[in-house]
Amino acid sequence: MTSSPAASPLLTDPPMRLLVRMAGPSALAFLVQAGVSMAEAGFIARLGLVPLAAIALMLPALMLMQMLANGALGGAVSSSVARALGRGDGAAANAFIWHALVIAGLASLVFGGLFASFGHALLVATGAPYSVVAEAHEYGAVLFLGVAPIWISAFLTSVVRGTGDMQFPARLMIISSLVQIPLSGALMLGGLGLPGLGLKGSAVAVILVSAGSSLVLVWRLLKPGQAIRLSLQACRLRWAYFADILRVGALASLSPVSTVLTIAVLNTLIGRFGVETLAGYGVVARVEFLLVPLVFGIGAALTALVGVNMGAGQVARAERIGWMGGGAAAALAGAVGLVLALAPGLWTGLFTRDPASLSAGALYLHIVGPVFAFQGLGLALYFASQGAGAVLWPIIATLLRLVICVGGAAMVMRSPQPSLAGVYACIAAGMVAYGALTAAALWRGAWRRKRG
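Residues numbered from 1 in each chain as written. Predicted model: local features only at pLDDT ≥ 70, side-chain atom pairs only at ≥ 80, totals over all residues. Heavy atoms only, no water.

**Some thoughts on empty space enclosed by the protein**
Okay, step 1: Counted under the stated rule, the structure contains five cavities of 30 Å³ or more.
Okay, step 2: In terms of lining residues, the second largest cavity is bounded by Ala41, Leu52, Ile55, Ala56, Leu59, Ala279, Gly282, Val283 and Arg286.
Okay, step 3: Only helix 3 (49-86) and helix 11 (275-311) provide two or more residues apiece to the lining of the second largest cavity.
Okay, step 4: Residues of the lining of the second largest cavity, tallied by class, amount to seven nonpolar, one polar and one charged. (1 Å grid on protein atoms, 1.4 Å probe; cavity = no way out; pocket = protein on both sides within 12 Å on 5 of 7 lines; lining within 4 Å. Points joined across faces, edges and corners; volume = space filled by probe spheres on them. Helix = DSSP H or I, 4+ residues; strand = E, 2+ residues; numbered from the N terminus. Nonpolar A, V, L, I, M, F, W, Y, C, P; charged D, E, K, R; others polar.)

Encoded structure:
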C-alpha cells in the first residue's frame with residue numbers, strides 16, 4: 001500500500017530540514033507555554049509559602065495528567081495516525097479521531113474518580129502540615145472535577161500533529177498561553193472584574209482555556225480539505241484501533257507514572273527538611289517539568305516523522321531522524337541546566353525571597369543542572385520511540401531512574417545525618433542513567449524489530 005499524499009514530504013524531504021521546520025513552531029509554542037508556568041509560579045509565590053508548598057505537593061499529579069495526555073497516550077495517538085498515513089490508510093487515520101475521544105473521556109473519569117477516592121489520603125500521607133494539605137486538596141478538587149477539556153484538547157492536538165501539521169497546534173497553543181496568563185493571574189489574585197480565588201483560580205483558568213482550545217480543534221477537524229477529518233462516517237469503533245493506540249500508549253504511560261512517582265516520593269522525603277526546603281524544591285522541580293514541554297517541541301515532530309517513516313518501512317531514515325532530534329534536545333536541555341547551575345538565582349529569585357528556600361533551590365541546580373542534557377536526550381528519544389512503536393527500552397530506562405533516585409534518596413535519609421545534597425546527587429545519577437540507557441537501546445537497534 002502506498003503512502004498518502006499528506007505523508008509523502010515526510011518520507012522524502014531532507015531530515016534536518018523537516019525536523020527544523022516541524023519542531024520550530026512547536027518549540028516556540030512550548031517555550032511560550034513554559035512562560036505560563038513561570039507566571040503562575042510567580043502568582044502563587046505572591047499568595048505565600050503555604051500555597052507554594054501546596055502546589056509542590058499537587059505538581060506531580062498535575063504533571064502526570066499532562067504528561068499522559070500530551071506525551072504518553074497523546075503521543076500514541078499521534079503515532080497511530082502517522083503510521084496509518086505512512087502506509088496509506090486514510091480511513092484508519094480518520095477513525096483514530098473517534099477512538100482518541102473515547103479514551104480521553106475514560107481517562108477523565110479515571111482521574112476524577114481516583115482523586116475523589118484517594119486524593120486527600122495521599123496528600124495527608126506526605127506528612128505535610130495540615131494547612132498545606134488543605135490548600136492542595138482544594139486545588140485538586142477543582143482541577144479534577146473539570147478535567148475532561150484538558151484530555152480532549154490534548155488528544156485532538158495529538159491527532160493534528162500526527163498528520164505532520166505542527167503549525168496550527170503551535171499557533172493555538174501560543175494564543176491559549178497568552179490568554180491563560182492574565183486569566184490565571186486575575187482568578188488567583190483578583191482582577192479584570194474577577195474575584196480572587198487563591199490557588200484554585202489556577203485550576204479554573206486551565207480548564208477554561210482547555211475548553212476553548214477543544215472547540216477550536218473540533219472546528220479545524222470538521223473543515224474540508226484537511227489531511228484527516230472528524231466525520232460521522234468514520235465513527236465506527238473497533239477494538240483493533242483501540243489496541244493500536246494502547247499498544248504504544250499503555251506501555252509508554254509507565255514513563256510519566258514513574259517520573260511523577262519519583263517526584264512525589266522525593267517530595268515526601270525532602271518535606272522532612274521543613275516547609276521552606278519543600279517550597280524551594282518545588283520551585284526547582286518545576287524546572288525539570290518545564291524540560292518536558294521544551295523538549296516536547298522537538299518530541300512532537302519526532303513522533304510524527306518517525307511514525308510516518310516506520311509505517312513506510314524506512315527504518316534507517318527513522319533512526320537518523322531520531323538521533324538528530326535527540327542531539328538537539330540534549331543541547332537545549334543541557335544549555336538550560338548549565339546556565340541555571342551557574343546562576344540559580346535567575347530562577348529561584350523569581351519566586352521566593354526566603355533564605356532557606358533559596359538555598360535549597362540553588363543546591364539542587366548546582367548538583368542536578370549540569371546533567372539536564374541526559375534528561376533532554378532521554379525524553380526526545382522516548383517521544384521518537386513512540387513514533388516507532390518501540391517504547392520498551394525507554395520505559396526500562398525510566399524505571400531504572402526511579403530505582404536510583406528513590407532508592408538512593410531513601411538510603412540517604414536513613415543515615416544518621418541525612419543530607420539534602422545526597423538526595424540531589426541521587427536525582428542527578430538517575431537522570432544520567434535514563435538518558436544513557438535510552439540512547440544505548442536505539443544504538444543497539446531497538447527500532448529495527450518494529451514495523452508500521
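Having put the structure on the table, let's press on.
**Comments concerning the confidence of the model for the chain**
Okay, step 1: Looking at the chain as a whole, the pLDDT averages 86, with 97% of positions reaching at least 70.
Okay, step 2: Mean pLDDT per element in the chain: helix 1 (residues 8-12) is the minimum at 73, and helix 17 (residues 420-443) is the maximum at 94. (pLDDT = per-residue confidence, 0-100.)

**Quick word on the pattern of salt bridges**
Okay, step 1: Applying the stated criterion across every chain, the model contains four salt bridges.
Okay, step 2: The salt bridge involving arginine 83 is made with aspartate 244; its shortest N-O contact spans 3.3 Å. Taken together, the residues span a long stretch of sequence, with arginine 83 in helix 3 and aspartate 244 in helix 9 (residues 239-252) at a distance of 161 residues. Of the two residues, arginine 83 and aspartate 244, neither departs from the other in class, the shared state being buried.
Okay, step 3: Put simply, lysine 200 and glutamate 138 hold a salt bridge, and the shortest N to O gap is 3.8 Å. Of this pair, lysine 200 sits in helix 8 (residues 200-222) while glutamate 138 is found in helix 5 (residues 130-145), placing the two residues 62 residues apart along the sequence.
Okay, step 4: Assessed through its relative accessible area of 38%, glutamate 138 is described here as partly exposed. (Salt bridge = Lys/Arg side-chain N within 4 Å of Asp/Glu carboxyl O. Buried < 20%, exposed > 50% of the residue type's maximum accessible area, 1.4 Å probe, protein only.)

**Quick look at helix 3**
Okay, step 1: Where helix 3 bends most, the angle comes to about 50 degrees, and this point is glycine 74.
Okay, step 2: The element helix 3 is extensively covered by neighbouring structure, given that 33 of its 38 residues are classed as buried.
Okay, step 3: Glycine 88 sits one or two positions beyond helix 3 and adopts a positive phi of about 80 degrees. (Bend = angle between axes of the 7 residues up to and from the residue.)

**Some points on the state of the cysteines**
Okay, step 1: Applying the stated criterion across every chain yields a total of zero disulfides.
Okay, step 2: Free cysteine cysteine 405: the closest other cysteine sulfur is in cysteine 426, separated by 7.4 Å.
Okay, step 3: Taking the relative accessible area as the measure of exposure, cysteine 405 reaches 0% and is therefore buried. (Disulfide = S-S within 2.5 Å.)

**What to know about the nonpolar core**
Okay, step 1: Judged by nonpolar contacts, the single largest core of 152 residues is most densely connected at Trp151, Tyr281, Tyr364 and Trp447.
Okay, step 2: With 22 residues, helix 3 is the single largest residue contributor to this core.
Okay, step 3: When sequence neighbours within four positions are dropped, the list of residues in contact with tyrosine 364 reads Tyr281, Val284, Glu288, Gly369, Phe372, Tyr424, Ile427 and Met431. (Core = buried A, V, L, I, M, F, W, Y, C linked by side-chain atoms within 4.5 Å. Contact = heavy atoms within 4.5 Å.)

**Focus on the packing of aromatic side chains**
Okay, step 1: Taken as a whole and assessed by the stated rule, the structure comprises eleven aromatic pairs.
Okay, step 2: Ring geometry for tryptophan 151 versus phenylalanine 155: centroids 5.7 Å apart, planes at 80 degrees, classification edge-to-face. Of the two residues, tryptophan 151 and phenylalanine 155 both sit in helix 6 (residues 148-162), four residues apart, roughly one turn of that helix. Note on accessibility: tryptophan 151 and phenylalanine 155 belong to one class, buried. (Phe/Tyr/Trp six-rings, centres within 6.5 Å; stacked < 30°, edge-to-face > 60°.)

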